[in-house]
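Fold and geometry: a report
Okay, here's what each chain looks like letter by letter:
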Amino acid sequence: MRFRHPDGSTVHLAYCTNVHPAETLDGVLAQLRDHCEPVRKRLGRDRLGIGLWLAKDAAHALVTDPSALRGLRTELDLRGLEVVTLNGFPYEGFGAEEVKYRVYKPDWADPERLEHTTALARVLAGLLPDDVTEGTISTLPLAWRTVYDDDRAARAHAALTTLAERLDALEELTGRSIRIGLEPEPGCTVETTADAIAPLTAIGHPRIGICVDTCHLATSFEDPNTALDALAAARVPVVKSQLSAALHAEHPHLPEVREALAAFDEPRFLHQTRTLTAAGLRGTDDLGEAVKEEALPDASPWRAHFHVPLHASPDAPLTSTLPVLKDTLTRLVGGPHPLTSHLEVETYTWQALPPELRPRARAQLADGIAAELTLARDLLTDLGLKELP
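Residues numbered from 1 in each chain as written. Predicted model: local features only at pLDDT ≥ 70, side-chain atom pairs only at ≥ 80, totals over all residues. Heavy atoms only, no water.

Thoughts on the overall build of the chain
Along the chain, the regular secondary structure elements total 12 helices and 15 strands. Here the chain has a C-alpha radius of gyration of 20 Å; the compact-globule value for 389 residues is 21 Å, and the two agree. Within the chain, the fraction of its 389 residues that count as buried is 59%. The contacts of the chain with a sequence gap of at least 6 include a subset with a gap of at least 24, amounting to 79%. For the chain, the accessible area works out to roughly 15,000 Å², and carbon and sulfur atoms hold 51% of it. (Helix = DSSP H or I, 4+ residues; strand = E, 2+ residues; numbered from the N terminus. Rg over C-alpha atoms; globule rule 2.2 N^0.38 Å. Buried < 20%, exposed > 50% of the residue type's maximum accessible area, 1.4 Å probe, protein only. Contact = heavy atoms within 4.5 Å. Areas by Shrake-Rupley, 256 points an atom, 1.4 Å probe, with all protein chains shown as cover.)

Looking at the packing of helix α11 (residues 322-333) against helix α12 (residues 362-382)
Contact geometry for α11 and α12: axes closest at 10 Å, N-to-C directions at 45 degrees. What the angle tells us is that α11 and α12 run oblique. With respect to the hand of their crossing, α11 and α12 are arranged in right-handed fashion. Contacts between α11 and α12 involve L322, L325, K326, L329 and V333 from the former and L375, L379 and L380 from the latter. Classifying every residue of the contact of α11 with α12 by side-chain character gives seven nonpolar, no polar and one charged. (Axes fitted to C-alpha atoms, helices over the stretch in contact; angles between N-to-C directions. Parallel < 35°, antiparallel > 145°, perpendicular 65-115°, else oblique. Left-handed = near helix turned anticlockwise from the far one by under 90°. Nonpolar A, V, L, I, M, F, W, Y, C, P; charged D, E, K, R; others polar.)

Remarks on the nonpolar core
Residues L13, Y15, L54, W108 and L373 are the most contacted members of the largest nonpolar core, which totals 114 residues. Not counting residues up to four positions away in its chain, the partners in contact with L13 are M1, F3, G49, L243, L343, V345, L373, A376, R377 and L380. (Core = buried A, V, L, I, M, F, W, Y, C linked by side-chain atoms within 4.5 Å.)

Focus: the side chain of S320
Within the secondary structure, S320 sits in strand β13 (residues 318-320). By relative accessible area, S320 is classed as buried at 6%. Here S313 takes part through its side chain, which lies 3.3 Å from a polar atom of the side chain of S320. Those residues in contact with S320 that lie beyond four places of it in its chain are A245, A246, H248, V308, S313 and P314. (Polar contact = N/O pair within 3.5 Å; in protein donor to acceptor, adjacent residues only side chain to side chain.)

Topic: the sheet that holds β13
Whether parallel or antiparallel, the strands of a sheet pair through hydrogen bonds between backbone atoms. Taken in spatial order, the five strands line up as β11-β10-β12-β9-β13 in an open sheet, and their pairing is antiparallel. Across the chains shown, the open sheet's two edge strands, defined by having one partner strand only, are β11 (280-284) and β13. For this sheet, the mean inter-axis angle between neighbouring strands, taken without regard to orientation, is 30 degrees. Across three bridges, strand β10 (residues 273-277) lies against strand β12 (residues 302-308) in antiparallel orientation. Looking at the pairing, R274 lines up with R303 of β12. (Pairing = 2+ DSSP bridges.)

So, to be careful, I would describe these as geometric facts and stop short of saying anything about function.
What follows is the structure, encoded as structure tokens:
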């Protein structure tokens, strides 16, 4: 979906396909047929943006076989779909029964991460619509914190510098500009937008910036205006933003709140949980640790890294951080000029919701994704953007 900002520029809205597990190119093609096109039709649109997730095997197949890349581009066109952004964070296995810490491997100190991201950039340059010359890729925020020392930090810095050089060369070759955004996430070396400033200014290349995920921002209790002010002051570009909402518990000391939170503790994904105390941010790596082991102070609200559907807040006594998303979006695109032109709805946890909230069929999932995109569209038009055909 495309929108015209009051300044005349185009803002793209997509939804991320990491909600549909697929590790191979055949799986990606099936996603387009079974999920993405039905969402487009529900929205009554001739064209729908998707934030494509390509696992390593699918990316390898596309980058080594020009005919496969042309075939994917043709399939996108036939189904009324377009790609201007990729989710390059998960490397493989995102549809596994247990993902948890595996999603952070390989990190930016490992050569595989550089090679995979380079492949994604080359693929994206070939998938961009004919009238679009800029693409973006979100990626791992360097590494999970427990395995990151000075040596690995130096290797990660070198890898990102090499990537920037490759992206420069790619633009010279193709005329397509691809930028990368580190995506701060609780528990990682770069947990917050503030954490991103030092490594990104050290790299100092305009192709390497930040992806602001509004669930992660909220989980770490970051104020959107403070965060974006600091990024602007440091001249760190907001490459893209993922529109997502975290789980919020206002009164975690109450037994009924703990019970409600426990229903979201599930074995597949990591749900880092945070609370803001007088001494600063406190947290656990997963929701179960907080709920069952009582590892967090409970005098202040808790937030958990669980991407809940944008249009359907959890039942009381829980809610979502949708207000943080709205505040962030207002700052990102509600001003005289957009701070980023690539927005991506990223609720990948539909099948990890409590059983009674999960979609039971493809049609229900498509309905839910379409409802999320409708909400995002309405927020954008309320900010003065005009939806384009």
